[in-house]
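Residues per chain, in single letters:
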Amino acid sequence: MKVFNIPPIDRSMKAVIQEKIDNLNKPKGSLGRLEELAMQICLIQQTLTPSLDHPCHLLLGGDHGIEREGVSVSPREVTWQQMINFTRDGGGVNMFCRQHGFKLRIVDAGVDYDLSAVEGIINRKIARGTKNFLYEPAMSEEEFNQAIQIGSNLVDDCYAEGCHILSIGEMGIANTSPSSIWMHLFGNIPLKDCIGAGACLDTPGIRHKFEVLSKAVEQFNRSNEQPIKPIITLRYFGGFEMIAAIGAMLRAAELHLIILIDGFIMTACALATIRLYPASQDYMIFTHCGDESGHQKMLDIIGAKPLLHLGLRLGEGTGALCAFPIIDSAVRMMNEMNNFQNANITKYF
């Protein structure tokens, strides 16, 4: 795997940033989470005047071999159908990108359909879906490295355009299954507590999903020596779009970009990223707690405080995009709000 240079954020500016925040003409601490966000963003960018230039959104698509086991209500063709729909500005992700001024990149990392002739889709296909991890690793080591590099290169493209803030979304039927397993293995949480309805599974469907994933984990544990390296776990269960997302998060942290973390699947990718490079968490903003069972537990594992609780479970990065105005407000607070001295207001604390 490619090596990334991700040191912890330099916190030497913390006192001067806090001084600026406290001298804005407001009661101390009265803007709550906005002040916390402003501190984090200023530290990421090492400045008292942060910016959110050229926001970019990566929408990564890929199919999963485990879908063949009936772990999702939605059939796999929905992946490619939605990918085409995104090129026609017909998805939730399109609407929110337009609303908040994000440049959308739609990327085929491993969809089980030929999308090469579809205008508006970046072709980075590794294979037509992963293998079925009930029987074998989802991808080879070479494919894993390729997916990491794809995500990293996409971030380089955004950075070259002046991007300061990145959000990432996914499109891949059945990708709650690997996410649940990563949560189970990385978070040491019982598997049954990590599995939810995904795309509207009923109670028997959830039971079947648990049985399939339990068998997969048992097979994985039998076939690997303990302790198992995180990369082996990622490669055995992950989707191409999920590993590409991890590569994107790692490169974005290396470049000191703000990373907006979306829902259950992207939080699983963030958890994996943190397991590989703990300092990468410094660059992440966890935007919302979704309606998928286990999402709050996974956020608790990370120690993350989500900005929103809207009952979202669409994916695509839509929750991250919805949270952008709050982040924008934190930056505007730092850059546009007057201080006590300039406003000729008595500082009363």
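Look up: the structure comes first, before these words.
Let us look at the structure shown here. (Residues numbered from 1 in each chain as written. Predicted model: local features only at pLDDT ≥ 70, side-chain atom pairs only at ≥ 80, totals over all residues. Heavy atoms only, no water.)

Before going further, it helps to spend a moment on the overall build of the protein chain. On a plain count of helices and strands, the protein chain comes out with 14 helices and six strands. In terms of its C-alpha atoms, the protein chain occupies a principal-axis envelope of roughly 70 × 45 × 40 Å. For the protein chain, the share of sequence-separated contacts (at least 6 apart) that also reach a separation of at least 24 residues comes to 75%. Counting every atom, the protein chain has about 14,200 Å² of accessible surface; 49% of that belongs to carbon and sulfur. Taken as two groups, the 31 positive and 38 negative side-chain charges of the protein chain have centres that lie 3 Å from each other. (Helix = DSSP H or I, 4+ residues; strand = E, 2+ residues; numbered from the N terminus. Contact = heavy atoms within 4.5 Å. Areas by Shrake-Rupley, 256 points an atom, 1.4 Å probe, with all protein chains shown as cover. Lys, Arg positive; Asp, Glu negative; His and termini not counted. Charge placed at Lys NZ, Arg CZ, Asp CG, Glu CD.)

All right, on to helix H1 (residues 14–23) then. Of the residues making up H1, those classed as buried are Ile17, Ile21 and Asp22. Take H1 and look down its axis: the buried residues cluster within an arc of 130 degrees, on one side only. Turning to H1, the residues buried within the fold contact helix H2 (32–45), helix H13 (324–336) and helix H14 (340–343). (Buried < 20%, exposed > 50% of the residue type's maximum accessible area, 1.4 Å probe, protein only. Arc of directions from axis to C-beta.)

The next subject is the packing of helix H10 (residues 264–276) against helix H11 (residues 295–302). Following both chains from N to C, one finds H10 and H11 inclined at 20 degrees, their axes separated by 10 Å at the closest point. It follows from the interaxial angle that H10 and H11 lie roughly parallel. Where H10 crosses over H11, the handedness of that crossing is left-handed. Listed contacts from H11 to Phe264, Thr267, Ala268, Leu271, Ile274 and Arg275 of H10 are His295, Met298, Leu299, Ile301 and Ile302. (Axes fitted to C-alpha atoms, helices over the stretch in contact; angles between N-to-C directions. Parallel < 35°, antiparallel > 145°, perpendicular 65-115°, else oblique. Left-handed = near helix turned anticlockwise from the far one by under 90°.)

We now examine the environment of Met83. With respect to the helices, strands and loops of the structure, Met83 is situated in helix H3 (residues 77–87). Counting along the chain gives 181 residues from Met83 to Phe264, while the straight-line C-alpha distance between them is 20 Å.

Our focus in this paragraph is the packing of aromatic side chains. Under the criterion given, the structure shown has seven aromatic pairs. Put simply, the rings of Phe133, Phe220, Tyr236 and Phe237 pair up and form one aromatic cluster. (Phe/Tyr/Trp six-rings, centres within 6.5 Å; stacked < 30°, edge-to-face > 60°.)

Turning next to the state of the cysteines. Scanning the model with the defined rule gives zero disulfides in all. As a non-bridged cysteine, Cys42 has Cys163 as the owner of its nearest cysteine sulfur, 17 Å distant. Among the residues examined, Cys42 registers a relative accessible area of 0% and is labelled buried. (Disulfide = S-S within 2.5 Å.)

Okay, the pattern of salt bridges next. Scanning the entire structure with this criterion turns up 17 salt bridges. Residue Asp112 is joined to Arg76 by a salt bridge in which the shortest nitrogen-to-oxygen separation is 2.9 Å. A residue pair is termed long-range when its members are at least 10 positions apart, and Asp112 in the loop between strand E2 (103–110) and strand E3 (121–123) and Arg76 in the loop between strand E1 (56–62) and H3 qualify at 36 residues. You'll find Asp112 and Arg76 in the same group, each marked buried. Its salt-bridge partner being Glu161, residue Lys103 comes within 3.0 Å of it at the nearest N-O pair. Placement of the pair is Lys103 in strand E2 and Glu161 in the loop between helix H5 (141–160) and strand E4 (165–171), with a sequence separation of 58 residues. Given a relative accessible area of 34%, Lys103 falls into the partly exposed group. Put simply, Glu67, Arg68, Arg76, Asp112 and Arg128 are held in one network by salt bridges that share partners. (Salt bridge = Lys/Arg side-chain N within 4 Å of Asp/Glu carboxyl O.)

Taken across its seven residues, E4 has seven buried, putting it largely inside the fold. What you see with E4 is no split at all: Ile165, Ser167, Gly169 and Met171 on one side and Leu166, Ile168 and Glu170 on the other are buried throughout. The pairing of E4 with strand E5 (residues 258–261) spans three bridges and is classified as parallel. Within the sheet, the bridge partner assigned to Ser167 lies in E5 and is Leu260. (Pairing = 2+ DSSP bridges.)

Attention now moves to the sheet that holds E3. The strand order across the open sheet built from six strands is E3-E2-E1-E4-E5-E6, with neighbouring strands paired in parallel fashion. Every other strand in the sheet has two partners, leaving E3 and strand E6 (284–286) as the edge strands with one partner each. Going across the sheet, the axis of each strand differs from the next one's by a mean of 30 degrees, ignoring polarity. Sheet strands touched by H2: E5 and E6. Its angle to E6, the strand with the most contacts, is close to 160 degrees.

Look at H2: 21 Å from first C-alpha to last across 14 residues, which is about the 20 Å you get at 1.5 Å a residue. For H2, the tally of buried residues reaches 10 of 14 residues, placing the bulk of the element in the interior. Looking at H2, one finds that the buried residues are Leu34, Glu35, Leu37, Ala38, Met39, Gln40, Ile41, Cys42, Leu43 and Ile44. Lining the buried residues of H2 we find H1, E5, E6 and H13. Backbone geometry just downstream of H2 places Gln46 in the positive-phi region, at approximately 55 degrees. (Expected span 1.5 Å × (residues − 1).)

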